[in-house]
Amino acid sequence: MTTTVPTTVNPNPAPTLPAMPAQPHPAGRRIVPALIDCAPIYVDCPSWCVMDHVAENEGALEDLYHSSDMADLYVASPSPNGPQLVLHVRLNEDPFLIRREGRGRNIVVDTGNDPFMLDARQAAEFADDLVALAAQVRAMSRTLAAEGQK
Ligand SMILES: [Zn+2]
């Protein structure tokens, strides 16, 4: 007597890529799988990148980019939507942009309009400006508090 075991086959299995054997690689970098228009490839990826390049499945190689987690700045708002996002900042790398001048690593400052792409020196100056702005906002807050307003 033969017993038939029912089997199910997922008609749309999630794409998977085999692990690539370890390769010599610069510190702070790794080789990760990616999909480009459903075609599997491997790309060099910085260790700070949080992108899932397989899930992103970009349509073209030039659309693939690396991104860190975002640092967000919110301002309190009386709106029912709660605090409002003022800007977010993240590390970025666009290694395959068609425009050569846009390639490379930078820090993106996005206020919801055209993002600003800063190099390390510009980002350090921006950070200094944020510290100075914070001191000004704190002084304004103390002025209001001294006048009896909350
Ligand atoms: Zn990446």
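Residues numbered from 1 in each chain as written. Predicted model: local features only at pLDDT ≥ 70, side-chain atom pairs only at ≥ 80, totals over all residues. Heavy atoms only, no water.

A short note on the pairing of strand 5 (residues 84-94)
Part 1 of the reasoning: As defined by bridge partners, strand 3 (residues 66-67) adjoins strand 5 across two bridges and the pair is classed as antiparallel. Within strand 5, the position partnered with His-66 by the bridge is Glu-93.
Part 2 of the reasoning: Where strand 4 (residues 71-75) meets strand 5, five bridges bridge the pair, whose relative direction is antiparallel. Among the inter-strand pairings, Val-75 is bridged to a residue of strand 5, identified as Gln-84.
Part 3 of the reasoning: Taken together, the seven bridges between strand 5 and strand 6 (residues 104-110) define a ladder with antiparallel strand orientation. Counted as the bridge partner of Asp-94 is Gly-104 from strand 6. (Pairing = 2+ DSSP bridges. Helix = DSSP H or I, 4+ residues; strand = E, 2+ residues; numbered from the N terminus.)

Considerations on the coordination of the zinc ion
Part 1 of the reasoning: Surrounding the zinc ion are the protein donor atoms Cys-45 (SG), Cys-49 (SG), His-53 (NE2) and His-66 (ND1), which sit 2.1 to 2.3 Å from the metal.
Part 2 of the reasoning: Around the zinc ion, the four donor atoms are arranged such that angles at the metal cover 98 to 119 degrees; this shape is classified as tetrahedral.
Part 3 of the reasoning: The class of Cys-45 is buried, set by a relative accessible area of 1%. (Donors = N, O, S within 2.8 Å, 3.2 Å for Na, K, Ca; no water. Tetrahedral: all angles 85-135°; square planar, octahedral: opposite > 155°, others 65-115°. Buried < 20%, exposed > 50% of the residue type's maximum accessible area, 1.4 Å probe, protein only.)

Focus: the pattern of salt bridges
When the charged atoms of two side chains with opposite charge come close together, those side chains can pair.
Part 1 of the reasoning: Under the defined criterion, the tally for this structure stands at four salt bridges.
Part 2 of the reasoning: For Arg-29, the salt bridge identified is with Glu-93, shortest N-O distance 2.9 Å. Placement of the pair is Arg-29 in strand 1 (residues 29-36) and Glu-93 in strand 5, with a sequence separation of 64 residues.
Part 3 of the reasoning: For Glu-93, a relative accessible area of 6% puts it in the buried group. (Salt bridge = Lys/Arg side-chain N within 4 Å of Asp/Glu carboxyl O.)

Some remarks on helix 2 (residues 120-146)
Part 1 of the reasoning: Spanning 27 residues, helix 2 covers 39 Å between terminal C-alpha atoms, matching the ideal 39 Å at 1.5 Å per step.
Part 2 of the reasoning: Where helix 2 begins, one side-chain oxygen reaches toward the backbone nitrogen of Arg-121, 3.2 Å away; that side chain belongs to Asp-119.
Part 3 of the reasoning: With its phi angle positive at about 90 degrees, Gly-148 sits one or two positions after the end of helix 2. (Expected span 1.5 Å × (residues − 1). Polar contact = N/O pair within 3.5 Å; in protein donor to acceptor, adjacent residues only side chain to side chain.)

Comments concerning the nonpolar core
Part 1 of the reasoning: Grouped together as the largest cluster of nonpolar side chains are eight residues: Val-32, Ala-34, Ile-36, Val-43, Cys-45, Cys-49, Met-51 and Leu-64.
Part 2 of the reasoning: Contributing elements (two or more residues each) for this core: strand 1 and strand 2 (39-46).
Part 3 of the reasoning: The biggest single contributor to this core is strand 1, with three residues.
Part 4 of the reasoning: Among residues more than four places away in sequence, those in contact with Cys-49 are Arg-30, His-66 and Ser-67. (Core = buried A, V, L, I, M, F, W, Y, C linked by side-chain atoms within 4.5 Å. Contact = heavy atoms within 4.5 Å.)

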